[in-house]
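# Structural description and commentary
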Amino acid sequence: MVLNDFNKGINSPLMHIKYAKQAESILDLRQSLIKRGCDLLIRFGKPEDLVPQITKELLKKYKVLGLYLQKEITRDEIYVEKLLISRSPVPLKFFHGSTIFQQNDFTSIPDIYKTFREQVDKLNHQLLPIPLLNMHRHFPPFPRIPSIYDETNNSLNVSTSEFLEKLVSTPCHQRTCIPFKGGETSAIERIKTYLNSPVTSPPLKQYNPPFSLAPKKPQRALAPIAKYKQTRNNLMGINYSSKLSPFLTFGCLSPRLAYQKIVDYESKKPGGETESTYLIKSQLLWRDYFKFMAEKYGNFLFHIDGFAGALKLERIKNRRKKWNQDFDKFQKWANGMTGIPWIDANMRQLKETGHVFVSSSFLVKDLRLDWRMGAELFECLLVDHDVFAGIGNDPKGELLYFNIIKQAKEFDPHGVFVRVWCPELSKVPYEKAHIPWIMTFEEQKRSGCIIGENYPKPMIERQYKILKTRFFEAIKKGG
Ligand SMILES: Cc1cc2nc3c(=O)[nH]c(=O)nc-3n(C[C@H](O)[C@H](O)[C@H](O)COP(=O)(O)OP(=O)(O)OC[C@H]3O[C@@H](n4cnc5c(N)ncnc54)[C@H](O)[C@@H]3O)c2cc1C
């Protein structure tokens, strides 16, 4: 395994969490291979330099039939593939491995997800995702050639495993909703729990809400997946949605295995497929869809107009004029200092835990900032960053506008989430936690939160005035 630029990213303290998970995943893979009588060679550097070098060393003692690689589809990776092809002394064999279906299972990839999903439903009757390979129990021992096996032979000048071990000691934030270790072992454990272990999904203890959020009637303990449809948008709990995304991102879990486990779960239940299982399968298929779309439209994925740019729509030309790259605004957003608690809480959670619930719609729809600025930040910080899901989902102006206060009220009705991540608001009355600017000056003093001093004024004046009236109405109606 060759890690490109891995050590450079670690210089940023915020990226520690992301790299710790990646290091855990690599060490877990190594352990699995050691258990099967083999080993994993880990090196830091550029794959296009190191892989041909290592292959040449191996060729001195062994017959090497070929190099097996996953086929990548984005520009930078394709460039590396080309260099590898030109430099490798043995043939390269590519395969597609990170999706449930294969692009050639479809005659063409439709531009609308609904149509794609219909095609998948038809396919399902004829062909299930490619069967899983039976994992070998034992592999031949790893070739011990001193010239390639010297662990300190890398740019860091420390043993690779020593370096990775140090990295994995980075503790998760106590409030993270992804507290799992990286690696296949942990991924399999997670999927088992999500599909089989009955839990009542209480909010994480560390949140200490001032009132009980426990349901009034005792709830039947069900496996989390059984309640996916109802709970997937809940905040602050580990069992509301599957939390499989970091495992899928790092390649610790095959999406095909995850999909198959859900199908197996359905087959054991009297009712078979439920709304929840249909929905979670659908979410996994979104992942496939965005990857196939990226393959279809190539570099348009990174274009300011996204895939829509490839369709050369007239209305897009006009919209482009509205994008801006105001760095001051961007910094306020990135640092969770917009003065809008729902956005600030999400962005602060991202910085501390590598996980975010929502926030990009505000960046592009309200601030009209170039979406690529946000995409870059997400790429650096998200523990589950996936270029296809991330950029594919990014609103870029094409999707619905989300009213952030309405959204906040829906997802965090008691204001617990925002008060936890924005401690300045911890004494603000719950009903005003999402709109602290409507407090009278007396209230602001009482709650130790003077707007403009202890907590920023909201960035969007015009909008907040409109929302103020709407929100007052909602409060009056007890909404
Ligand atoms: C603006 C935006 C950016 C996003 N960026 C990323 C990203 O960088 N990496 C990432 O993995 N997901 C991304 N998603 C998709 C989704 O939000 C996350 O996959 C999901 O929150 C992960 O939590 P989970 O594993 O508990 O998901 P679940 O709800 O349990 O879903 C199961 C799996 O389905 C897939 N999935 C779910 N929703 C989507 C979706 N909308 N698009 C594509 N795949 C989906 C994921 O692999 C996920 O792990 C983004 C969504 C939006 C709206």
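Everything numeric in this text was worked out from a predicted model, so none of it was measured. (Residues numbered from 1 in each chain as written. Predicted model: local features only at pLDDT ≥ 70, side-chain atom pairs only at ≥ 80, totals over all residues.)

Each helix and strand in the protein chain was counted, giving 23 helices and 4 strands. Within the protein chain, the proportion of its 479 residues that are buried is 32%. At a minimum sequence separation of 6, the contacts of the protein chain that also span at least 24 residues come to 70%. (Helix = DSSP H or I, 4+ residues; strand = E, 2+ residues; numbered from the N terminus. Buried ≥ 20, exposed ≤ 12 C-beta atoms within 10 Å, placed from the backbone. Contact = placed C-beta atoms within 7 Å.)

Okay, the environment of Gly298 next. Its place among the elements puts Gly298 in the loop between helix 12 (275–297) and helix 13 (307–310). Given 15 C-beta atoms within 10 Å, Gly298 falls into the partly exposed group. Each C-alpha atom of the pair Gly298 and Thr74 lies 6.9 Å from the other, and the pair is 224 residues apart in sequence.

Turning to helix 20 (residues 404–411), a few remarks are in order. Buried within helix 20 we find Ile404, Ile405 and Ala408. In a view along the axis of helix 20, the buried residues occupy a sector of 100°, so they form one face of it. (Arc of directions from axis to C-beta.)

Turning next to the site of the ligand. The local shell around the ligand holds 23 residues, among which Ser241, Ser242, Gln283, Gly390 and Asn393 are the closest. When contributions to the shell around the ligand are tallied by element, the ones reaching two or more residues are helix 10 (245–249), helix 12 and helix 19 (387–393). Looking at the shell around the ligand residue by residue, the classes come out as 8 nonpolar, 9 polar and 6 charged. The two domains that each donate at least three residues to the shell around the ligand are domain 2 (184–298) and domain 3 (327–476). (Near = placed C-beta within 6 Å. Nonpolar A, V, L, I, M, F, W, Y, C, P; charged D, E, K, R; others polar. Domains from an automatic or database assignment.)

Attention now moves to helix 2 (residues 16–35). Given a rise of 1.5 Å per residue, 20 residues ought to cover 28 Å, and the 28 Å separating the end C-alpha atoms of helix 2 matches this to within 8%. In the stretch just after helix 2, Gly37 is the one whose phi turns positive, near 85°. (Expected span 1.5 Å × (residues − 1).)

Following the sequence through the fold, Val64 ends up in the loop between helix 3 (47–59) and strand 3 (67–70). C-alpha of Val64 to C-alpha of Pro91: the two residues are 27 residues apart in sequence and 9.2 Å apart in space. Setting aside anything within four residues of it in sequence, one finds Val64 in contact with Thr55, Leu58, Leu59 and Val90.

In the numbering adopted here, UniProt assigns the feature "binding site: FAD" (unreviewed entry) to Tyr228, Ser241, Ser242, Lys243, Leu244, Ser245, Asp384, His385 and Asp386. Of note, Ser245 is situated in helix 10. Residue Ser245 is classed as buried on the basis of its 20 C-beta neighbours within 10 Å. Take Asp384: it is sitting in the loop between helix 18 (371–381) and helix 19. Non-local contacts of Asp384, meaning those with residues more than four positions away in its chain, are made with Ser245, Pro246 and Thr249. (UniProt positions renumbered as here; feature names shortened; annotations may be inferred.)

Moving on to the packing of helix 2 against helix 7 (residues 160–168). Following both chains from N to C, one finds helix 2 and helix 7 inclined at 130°, their axes separated by 8 Å at the closest point. Put simply, helix 2 runs oblique to helix 7. Here helix 2 runs over helix 7; the crossing is left-handed. Listed contacts from helix 7 to Tyr19, Ala20, Ala23, Glu24, Ile26 and Leu27 of helix 2 are Leu164, Leu167 and Val168. The residue inventory of the contact of helix 2 with helix 7, partitioned by class, reads 8 nonpolar, no polar and 1 charged. (Axes fitted to C-alpha atoms, helices over the stretch in contact; angles between N-to-C directions. Parallel < 35°, antiparallel > 145°, perpendicular 65-115°, else oblique. Left-handed = near helix turned anticlockwise from the far one by under 90°.)

Most peptide bonds take the trans form, and the phi angle of most residues other than glycine is negative. Of note in this structure, Lys243 is not a glycine but carries a positive phi near 60°. Of note, the phi angle at Arg368 is positive, near 55°, even though the residue is not glycine. When you line up the elements, Arg368 lands in the loop between helix 17 (360–366) and helix 18.

Turning to the pairing of strand 4 (residues 92–95), a few remarks are in order. Note that strand 3 and strand 4 share 4 bridges and pair parallel. The residue of strand 4 that forms the bridge with Gln70 is Phe95. The β-α-β motif built from strand 3, the intervening helix 4 (residues 75–87) and the parallel element strand 4 has right-handed crossover chirality. (Pairing = 2+ DSSP bridges. Right-handed = clockwise from strand over helix to strand, strands pointing away.)

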